[in-house]
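Commentary on secondary and tertiary structure
Here's the letter readout for the chains.
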Amino acid sequence: MGEMNRRRLLESMGIVAVGSTLPMPDFSGQLKSPEGSGKMRLDLSEFQPKSMLHVPETKVSRSKYPVIDIHTHLSIRAKSVHGVGIGEKMEFLATPESVLPVMDRKNIKIMVNLTGGSGKGLEEAVQRFQQPHPDRFLTFTEPSWDHSNQPDYGKFQADEIEHAHETGARGLKVLKTLGLYLRENVSEGRLVKIDDPRFDSMWDACGSLGMPVAIHVSDPEAFFLPTDRFNERFEELNNHPDWSFHGRDFPSNAEIMEARNRVFARHPKTQFIALHVGNDAENLPYVSECMDRFSNMSVELGARVGELGRQSRMSRKFFEKYQDRIIFGTDAVPNGADTPQQIFIDQLYEIYYRFLETEDEYFDYAPAPVPPQGRWRIYGIGLPDEILKKVYYQNAARLLKLQMKI
Ligand SMILES: [Zn+2]
């Protein structure tokens, strides 16, 4: 996100005072017509149309039932090389004290910090959040990518998973690193495939220890297309050029999905949570096909209400059919102003709740002045209570083996 957009976003959230030292564009709101044409020109980045629809607007301050947010990032690996997290040192993005008030206001019973790292870093992540508040925070571990080119990696990684389990990790998180960044020599060489056999012992260890694998593979289809005037996510890709996987030696979206599916098929005793609606929320027929093929596959919603909410009738049917395998998650990041669809603030949760609980029409899917993932707005799917309970906490509690007293 450019400095200007970030500033506007922060201003809209009341974080930056208007009139502080950053330069403002000379944009008075008054457009000038180029000589004699009678038509005006407007830069797309300045266009912030306000909807003229008069329709019900429901404010959902608290979820109807308690929530487990299975997809949050309270810590990240401190070092990364070409998209590959390296080493055990962690950077902490929040303290329990800074996030608990939002959790309490929004009815979030448990936050799962997926990027808990490994080794000493994982120990620290557990100590900071899970240990003092075992009923509010859970931690997942991550693979040790920097060992992935060692001959004993399979055994090493399986042992690491076991240690992580002893440390208190409740599952394994795999970032899109696998398939898009990890290379034969960690950050160099050819890309390592998701179904590379060196990971088989890792997937199996998770299965035998009852640790679900939260896996992010690939990205929206538009990210594999040129960033040009035909790309409906032009502004998003233009704001985050490193999210484009067009060209170079990247595999196609379909190749990545199929490699992932081979992993699901080969490890039927391991539970996989395919994050971001299996990263294909704009192709629910394909996600459904995968769900039908793999009974060990669930999906999570993080940062995809924008994609689900633009096809509310299709989404509603998807939720009805797979109500036992859809898990609430946001991909929330404290201080994540660069990605408003993930920013850990009250308004983010209100949008998710509104999408799931109401039939409101044409509302913003992110707390931002311009829809950050594409210029459209969304429609609620008004789920019945029984499905809401499953999506908000029951499905997650079952996978995480939690006894929730509600
Ligand atoms: Zn995430």
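All figures in this text were calculated on a predicted structure; none of them were measured in a lab. (Residues numbered from 1 in each chain as written. Predicted model: local features only at pLDDT ≥ 70, side-chain atom pairs only at ≥ 80, totals over all residues. Heavy atoms only, no water.)

Here we have eight strands laid out as an open sheet, ordered S1-S4-S5-S6-S7-S8-S9-S10, and parallel in their pairing. Either end of the sheet is taken by a strand with one partner, and the two such strands are strand S1 (67-72) and strand S10 (326-327). Sheet analysis places strand S7 (residues 213-215) next to strand S8 (residues 272-274), joined by three bridges and oriented parallel. Its bridge partner lying in S8, alanine 214 is registered against isoleucine 273. Most of the contacts of helix H3 (residues 119-130) go to strand S5 (residues 137-141), to which it runs at about 170°, and overall it touches strand S4 (108-113) and S5. (Pairing = 2+ DSSP bridges. Helix = DSSP H or I, 4+ residues; strand = E, 2+ residues; numbered from the N terminus. Contact = heavy atoms within 4.5 Å. Axes fitted to C-alpha atoms, helices over the stretch in contact; angles between N-to-C directions.)

It is worth spelling out the packing of aromatic side chains at this point. Tallied over the full model, the rule gives 23 aromatic pairs. When the ring of phenylalanine 199 is compared with that of tryptophan 203, the centres are 6.5 Å apart and the planes differ by 50°; the resulting orientation is tilted. Taking the relative accessible area as the measure of exposure, phenylalanine 199 reaches 0% and is therefore buried. Seen in terms of ring centroids, phenylalanine 344 and tyrosine 349 are 5.8 Å apart; in terms of plane orientation they differ by 85°. Their pairing is edge-to-face. (Phe/Tyr/Trp six-rings, centres within 6.5 Å; stacked < 30°, edge-to-face > 60°. Buried < 20%, exposed > 50% of the residue type's maximum accessible area, 1.4 Å probe, protein only.)

Further remarks concern the pattern of salt bridges. Between side chains of opposite charge, a pair can form when the charged atoms approach closely. Taken as a whole, this structure holds 29 salt bridges when the rule is applied. Between lysine 321 and aspartate 292 there is a salt bridge, and its shortest N-O distance comes to 3.7 Å. Note that lysine 321 is positioned in helix H12 (residues 312-321) and aspartate 292 in helix H10 (residues 284-293), a separation of 29 residues in sequence. For the pair shown, lysine 321 and aspartate 292 are each scored as exposed. Here aspartate 360 makes a salt bridge to arginine 354, at a shortest N to O gap of 2.7 Å. In this structure arginine 354 comes out as buried when scored by relative accessible area, which is 14%. Salt bridges here are not isolated pairs; linked through shared partners, they connect Lys176, Asp219, Glu232, Arg233, Glu236, Glu282, Arg304, Glu307 and Arg310. (Salt bridge = Lys/Arg side-chain N within 4 Å of Asp/Glu carboxyl O.)

Another point: the coordination of the zinc ion. At this site the zinc ion is bound by His71 (NE2), His73 (NE2) and Asp331 (OD), with donor distances of 2.1 Å. Each donor residue of the zinc ion lies on the same chain, and together they follow the pattern H-x1-H-x257-D. Of this pair, histidine 73 sits in the loop between S1 and strand S2 (75-81) while aspartate 331 sits in the loop between S10 and helix H13 (346-357), placing them 258 residues apart in sequence. (Donors = N, O, S within 2.8 Å, 3.2 Å for Na, K, Ca; no water.)

Counting through the fold element by element, serine 298 comes out in strand S9 (residues 297-300). Residue classification places serine 298 among the buried positions, given a relative accessible area of 5%. Those residues within four positions of serine 298 in sequence are excluded, and the remaining contacts are Phe272, Ile273, Ala274, Met291, Arg325, Ile327 and Leu399.

Here we come to the environment of glutamine 130. With respect to the helices, strands and loops of the structure, glutamine 130 is situated in helix H3. The contact partners of glutamine 130, leaving out residues within four places of it in the chain, are Ala125, Phe137, Leu138, Thr139 and Gly168. Here glycine 168 takes part through its backbone oxygen, which lies 2.9 Å from a polar atom of the side chain of glutamine 130. (Polar contact = N/O pair within 3.5 Å; in protein donor to acceptor, adjacent residues only side chain to side chain.)

Okay, helix H6 (residues 200-209) next. The α-helix winds at 3.6 residues per turn, so residues separated by three or four positions along the chain end up facing the same way. Of the positions making up H6, those classed as buried are Met202, Trp203, Ala205, Cys206 and Gly207. Looking at the buried side of H6, the elements it contacts are helix H4 (153-167), strand S6 (171-174), helix H5 (177-180), S7, helix H8 (253-266) and S8.

Bringing a nonpolar patch on the surface into the picture now. Together, Leu42, Leu44 and Phe47 make up an exposed nonpolar region whose accessible area comes to about 250 Å². Relative to the helices and strands, leucine 42 is located in the loop between helix H1 (3-12) and S1. (Patch = residues over 30% accessible without salt bridge, like charges linked within 9 Å, V, L, I, M, F, W, Y side chains within 5 Å. Areas by Shrake-Rupley, 256 points an atom, 1.4 Å probe, with all protein chains shown as cover.)

Another point: unusual backbone geometry. In terms of backbone geometry, most residues other than glycine have negative phi values and most peptide bonds are trans. Its identity as a non-glycine residue notwithstanding, serine 218 has a phi of 60°, on the positive side. Structurally, serine 218 can be placed in the loop between S7 and helix H7 (234-239). A positive phi angle, near 45°, is found at arginine 248, a position not held by glycine. Take arginine 248: it is sitting in the loop between H7 and H8. Note on arginine 248: relative accessible area 66%, which makes it exposed.

Neither face of S6 is open: one carries Gly171 and Lys173, the other Leu172 and Val174, and all of them are buried. The pairing of S5 with S6 spans two bridges and is parallel. Across the sheet, threonine 141 pairs through a bridge with leucine 172, a residue of S6.

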